[in-house]
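The chain contents come next:
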Amino acid sequence: MTDNIFASSVFFSLTIGGNDLGEFATCSGLGAQVEIEQYAEGGNNGFAWQLPGRITWSNITLTRAVTADTAKIARWLDEIVRKVEPKDGEIVALRPDLSRIVGWQVLGIVPVRWEGPSFDPANSQAAVETLEIAHAGLRPS
């Protein structure tokens, strides 16, 4: 565990296909949108039925300061380059004492984008990496 993780009151662990990719400081995009189809029933002029249709899952973006775990992402991406195979994983929100807050099983994960750090000696900010993943659904874990 790295010191930068403790700068936040909550952090997120990511595991994909059994590979522990480490902890991230931020996690955004946990969400879904359901398309609603309206059906106007003949003879019923008071309302239209609201029927759920296709569900669309948002991409998930995780960020963290560069740590030794950065190499884990590189190895996972190298595996994907050789054979793209969606794998299930898990995101868990943790407190600094490692106690679990809540977790989500993430189904059919594939990488969308990885952005490595920019190193600028004139800038005193920590080098940050970003990982964006697409998936086929979320379940509580």
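Computed from a predicted structure; not experimentally measured.

**Section: the pairing of strand 8 (residues 100–115)**
Bridge count for strand 7 (residues 87–94) against strand 8 is seven bridges, and the pairing is antiparallel. Residue pairing for strand 8: Ile 91 is matched across the bridge by Trp 104. The turn linking strand 7 back onto strand 8 is made up of five residues, and Leu 98 within it adopts a positive phi angle of 75°. When strand 8 meets strand 10 (residues 137–140), the two strands line up antiparallel, connected through four bridges. In the sheet register, Val 106 faces strand 10, and the bridge partner there is Leu 138. Pairing geometry for strand 8 and strand 9 (residues 128–134), over five bridges, is antiparallel.

**Some words on the packing of aromatic side chains**
Two numbers describe a pair of aromatic rings. These are the distance of the centres and the angle of the planes. Applying the stated rule across the entire model yields one aromatic pair. Both rings, one in Phe 47 and one in Trp 49, keep their centres 5.1 Å apart while their planes meet at 75°; by these two values the pair is edge-to-face. Owing to a relative accessible area of 39%, Trp 49 belongs among the partly exposed residues under this scheme. When the ring centre of Phe 24 is taken as reference, the NZ or CZ atom of Arg 64 above it lies at 4.1 Å.

Conventions adopted
Residues numbered from 1 in each chain as written. Predicted model: local features only at pLDDT ≥ 70, side-chain atom pairs only at ≥ 80, totals over all residues. Heavy atoms only, no water. Pairing = 2+ DSSP bridges. Helix = DSSP H or I, 4+ residues; strand = E, 2+ residues; numbered from the N terminus. Phe/Tyr/Trp six-rings, centres within 6.5 Å; stacked < 30°, edge-to-face > 60°. Buried < 20%, exposed > 50% of the residue type's maximum accessible area, 1.4 Å probe, protein only. Lys NZ or Arg CZ within 6 Å of the ring centre and 35° of its normal.

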